[in-house]
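# Observations on the model geometry
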Amino acid sequence: MRMIDIIVKKRNGFKLLEEEINFFIQEYTLGNIPDYQVSALLMAIYFQKLDSDETTNLTRAMMNSGETIDLTLINGIKVDKHSTGGVGDKTTIALAPIVAACGVPVAKMSGRGLGHTGGTVDKLESIPKLNTTLSKENFIKQVNEIGISVIGQSNNLVPADKKLYSLRDVTSTVDNISLIASSIMSKKLASGADAIVLDVKTGSGAFMQNLDDSISLAKEMVKIGLNMKRETVAMISDMDQPLGWAIGNCLEVKEAIDILKDQGPDDLKKLCIELGAYMLLLGKRVDNIEQGKEEIKNVISSGLALETFKKFILSQGGEISCIDNTDLLPQASDIHPVLSKESGYIENIQANVVGTAAMLLGAGRMTKDSNIDLAVGIVLNKKCGDYVEAGEPLAYIHSNDINKKILAIEKLVSAYKITQRRPETRPLIFDIITKDTL
């Protein structure tokens, strides 16, 4: 089998066989196929597309390119949740202990963030002494004992995706639905979950900013999951403004803890309830979504979700005193209000611009080697539809560097659009894709 023949076949619009896709992924991962040939194939795929079978076969080949995680020693149905990413998205930190408290095991491996804030693991490491590098044996043992563990992703998980994504990034072939879907799903499937709930973001702060594109991606990923014999559901949720109030690692952890204390912002709470209900349904803990929502609400209001979170943090070496008193978490040296220059309604907050402001403060990584300042970030005071008076705070900047603060303030102000007419409210959840709605 020759790579040149595979390139020509796809360039001319023909369907690739599973054996051809396996050859390309295996040999490229091993370093036996040069980047220039893979670049040619990626461009052919970009223009000629992949059908459902090809996309599933690509996902399977990528999944098997490195280590796969066996979770069969964990009791019960393991349900994973994945978000395509957004600004202020701390959902997993609150949702994982909620679902575990309901009796569905959560064995989660998360990556680190590259962008406006850290990933889930980075954020959790705001909690002093928390260990996110457990052995497989201790990881499985902990989930069986308390129902939850969250650790860093293995470096050898789906190495083909790491190589391909780097190449897609420099060849302008990132935004292809099949390539995006296979990248995401290969990692989720390699992580060993029995079922997957996807939170596909749409809007200015999302990877897919157009609703139709977000729905297409969600459908493609659900098809892959079902083709790989995993129950899969996708929810399309709003990311045209930040989720919740807080953007920044430690600040987002505080907000997630607020949710577990039956407080916190309404949009984050609602999203946790909706996603959690589907996780309970796929985990066969409940018979229908409404029952799932009630279970979620009950473990929050009873304090059981908060206690589960404390057990999780304690089991991984973290200091639980900062859960009861979040003032013990890292604190920025300066908190500066960003004031509105005019009165009116908040019509729009460009989430991607807010994310950039947070990154300028040091909350995220501009490169994979950048250091994150866990204490810095932004806490919004006004969101879309709210009325603001001139001189009233739009948000608060938490910073440790005056020069970074000045840059962040300028960027943050540009994210807001204020009008004299109350805007229409965007829905938090646009659509839900299941096997019955494909």
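In the block above lies the structure referred to throughout.
Below is a summary of the structure that appears in this document. (Residues numbered from 1 in each chain as written. Predicted model: local features only at pLDDT ≥ 70, side-chain atom pairs only at ≥ 80, totals over all residues. Heavy atoms only, no water.)

### Overview of the environment of I146
Quick note on the threshold: Numbering of helices and strands runs from the N terminus; a helix is a DSSP stretch of H or I covering at least four residues, while a strand is a stretch of E covering at least two. In what follows, a contact means two residues having at least one pair of non-hydrogen atoms within 4.5 Å.
Examined against the element boundaries, I146 turns out to sit in helix α7 (residues 136-146). I146 sits 137 residues away from K9 along the chain, and the two C-alpha atoms are 51 Å apart. In contact with I146, other than residues within four places in its own chain, are T308, K311, F312 and S315.

### Looking at the pairing of strand β9 (residues 377-380)
What counts here: Strands pair, by our definition, only if DSSP identifies at least two bridges between them.
Bridge count between strand β6 (residues 246-247) and β9: two bridges; the pairing is antiparallel. Counted as the bridge partner of I247 is I378 from β9.

### Some details on unusual backbone geometry
As a reminder, the rule being used: Buried means the residue's accessible area, taken with a 1.4 Å probe over protein chains only, is under 20% of the maximum for its type, while exposed means over 50%, and partly exposed covers the values in between.
The phi torsion at K129 lies on the positive side, around 70°, for a residue other than glycine. Here K129 shows up in the loop between α6 (120-124) and α7. A relative accessible area of 64% means that K129 is categorised as exposed. Despite not being glycine, V158 has its phi angle at roughly 50°, a positive value. The topology assignment puts V158 in the loop between β3 (148-152) and α8 (159-171).

### Some thoughts on the pattern of salt bridges
Quick reminder of the rule: For this document, the term salt bridge refers to a Lys or Arg side-chain nitrogen within 4 Å of an Asp or Glu carboxyl oxygen.
Per the stated rule, a full pass over the model turns up 31 salt bridges. A salt bridge links R2 to D5; the shortest N-O distance between them is 3.0 Å. On the basis of relative accessible area, R2 is assigned to the exposed category, the value being 51%. In this structure, the salt-bridge partner of D240 is R426, at a minimum N-O distance of 3.9 Å. Of this pair, D240 sits in the loop between β5 (231-238) and β6 while R426 sits in the loop between β12 (416-419) and β13 (429-433), placing them 186 residues apart in sequence. For R426, a relative accessible area of 39% puts it in the partly exposed group. One network of salt bridges, in which partners are shared, links K15, D51 and D53.

### Observations regarding the sheet that holds strand β4 (residues 195-202)
Backbone hydrogen bonds hold the strands of a sheet together, and the pairing may be parallel or antiparallel. The criterion, for reference: Structural elements are reduced to axes, namely lines fitted to C-alpha atoms, with helices fitted over the stretch in contact, and the angle between N-to-C directions of any two is expressed from 0 to 180 degrees.
Spatially, four strands are ordered β1-β4-β5-β13 in an open sheet, and the strand pairing comes out mixed. Strands at the two margins of the open sheet, each flanked by one partner only, are β1 (79-83) and β13. On average, each strand axis in the sheet is inclined to that of its neighbour by 15°, with strand direction left out of account. Helix α9 (residues 177-190) rests against β1, β4 and β5 of the sheet, and its axis sits at about 150° to β4.

Don't take any of this as a statement about function, it's just geometry.
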